[in-house]
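Each chain, letter by letter, is given below.
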Amino acid sequence: MANILVVDDDRQVCDLLKQALENQGYTVDCASNGVEGIKEYRNHPADLIILDILMPEKEGLETILDLRREFPQVKIIAMSGGSERAKLDLLDLARRLGAQHTIDKPFQLHAITDLVTQALHDN
């Protein structure tokens with residue numbers, strides 16, 4: 001089964017996604033910001049990264065750019081829970097910078113697990 005890296009500064013989101021995705025048979029690691037996420041990916045490459053946009057130290061958009069430069073093949077789902085207008089703009093920008101998929105927070109668990117399945121099967 002696939003390895004997934006969740007990068008989010010909200011520990012509850014990380015724990016929720018870790019449990020839900022492990023229940024689906026995936027191996028899941030977590031990082032709390034973009035700096036840690038890139039370091040974790042270098043040490044243990046994942047098949048997919050689920051990445052929050054708004055985080056301390058290194059936010060998601062900058063992390064997408066850095067990941068794309070160093071690992072152009074990486075699959076990324078970007079998520080954001082910002083204000084409605086900002087969320088749409090940030091998620092659109094995330095797509096333009098290289099995220100294959102985006103999802104709004106809060107999300108339904110089945111929506112993110114379906115999106116993970118879809119992203120892993122994208123070419």
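Residues numbered from 1 in each chain as written. Predicted model: local features only at pLDDT ≥ 70, side-chain atom pairs only at ≥ 80, totals over all residues. Heavy atoms only, no water.

Digging into the pairing of strand E5 (residues 101-104)
For clarity, the threshold we go by: Exposed residues in this analysis have more than 50% of their type's maximum accessible area, buried residues have under 20%, and partly exposed residues fall in between, with area computed by a 1.4 Å probe over protein chains only. Labels follow the DSSP assignment, with helices taken as runs of H or I lasting at least four residues and strands as runs of E lasting at least two, numbered in each case from the N terminus. Criterion used throughout: strands pair if DSSP finds at least two bridges between them.
Burial of E5 is one-sided: the residues His-101 and Ile-103 facing one way are buried, the residues Thr-102 and Asp-104 facing the other way are not. Of the pairings in the sheet, the one linking strand E4 (residues 76-80) to E5 comprises 4 bridges and is parallel in character. By the bridge assignment, Ser-80 is partnered in E5 with Asp-104.

Topic: the packing of aromatic side chains
What describes a pair of aromatic rings is the distance from one ring centre to the other and the angle between the planes of the rings. The test is simple: Pairing of aromatic side chains here covers Phe, Tyr and the six-membered ring of Trp, requires ring centres within 6.5 Å, and sorts the geometry by plane angle: under 30 degrees stacked, over 60 edge-to-face, intermediate tilted.
On inspection of all chains with the given rule, the structure shows 1 aromatic pair. Judged by centre distance (4.6 Å) and plane angle (70°), the rings of Tyr-41 and Phe-71 are edge-to-face. In this pair, Tyr-41 sits in helix H2 (residues 34-43) while Phe-71 sits in the loop between helix H3 (60-70) and E4, placing the two residues 30 residues apart along the sequence. Neither residue differs from the other here; Tyr-41 and Phe-71 are each classed as buried.

Topic: the nonpolar core
Quick note on the threshold: Put simply, buried Ala, Val, Leu, Ile, Met, Phe, Trp, Tyr and Cys residues joined by side-chain atoms within 4.5 Å make one nonpolar core. Contacts are assigned to residue pairs that have any heavy atoms within 4.5 Å of one another.
Counting 21 residues, the largest nonpolar core has Tyr-41, Ile-49, Ile-53, Ile-64 and Leu-67 as the members making the most contacts within it. For this core, the secondary-structure elements that each account for two or more residues are strand E1 (3-7), H2, strand E3 (48-52), H3, E4 and helix H4 (84-97). With sequence-adjacent residues up to four places away left out, Ile-64 is seen in contact with Leu-51, Ile-53, Ile-76, Ala-78, Ala-94, Leu-97, Gly-98 and Ala-99. Counting residues in each nonpolar core, the second largest holds 20 residues, with Ile-50, Phe-107, Ile-112 and Ala-119 among its members.

Examining the sheet that holds strand E2 (residues 27-31)
Just so we agree on the cut-off: In this description, a line fitted to the C-alpha atoms serves as the axis of each element, helices being fitted only across the stretch in contact, and the angle between N-to-C directions of two axes falls anywhere from 0 to 180 degrees.
If you walk across this open sheet you meet the 5 strands as E2-E1-E3-E4-E5, and the pairing is parallel. Taken across any chain shown, the strands that pair with only one partner, and hence form the sheet edges, are E2 and E5. Each neighbouring strand pair of the sheet contributes to a mean axis angle of 20°, computed without reference to strand direction. Pairing geometry for E1 and E2, over 5 bridges, is parallel.

A word on the side chain of Arg-68
Note the threshold: For this count, His and the chain ends are skipped, Lys and Arg are scored as positive, and Asp and Glu as negative. Criterion for a salt bridge: a side-chain nitrogen of Lys or Arg within 4 Å of a carboxyl oxygen of Asp or Glu. As used in this structure description, the phrase polar contact means that two N or O atoms lie within 3.5 Å; if the pair is within protein, one of them must be able to donate a hydrogen and the other to accept it, and residues adjacent in sequence are counted only when both atoms belong to side chains.
Position of Arg-68 among the secondary structure elements: in helix H3. Despite its burial, Arg-68 remains without a salt bridge, the nearest opposite charge being carried by Asp-122 at 9.5 Å. One polar contact links the side chain of Arg-68 to the main-chain carbonyl oxygen of Val-74, over a distance of 2.7 Å.

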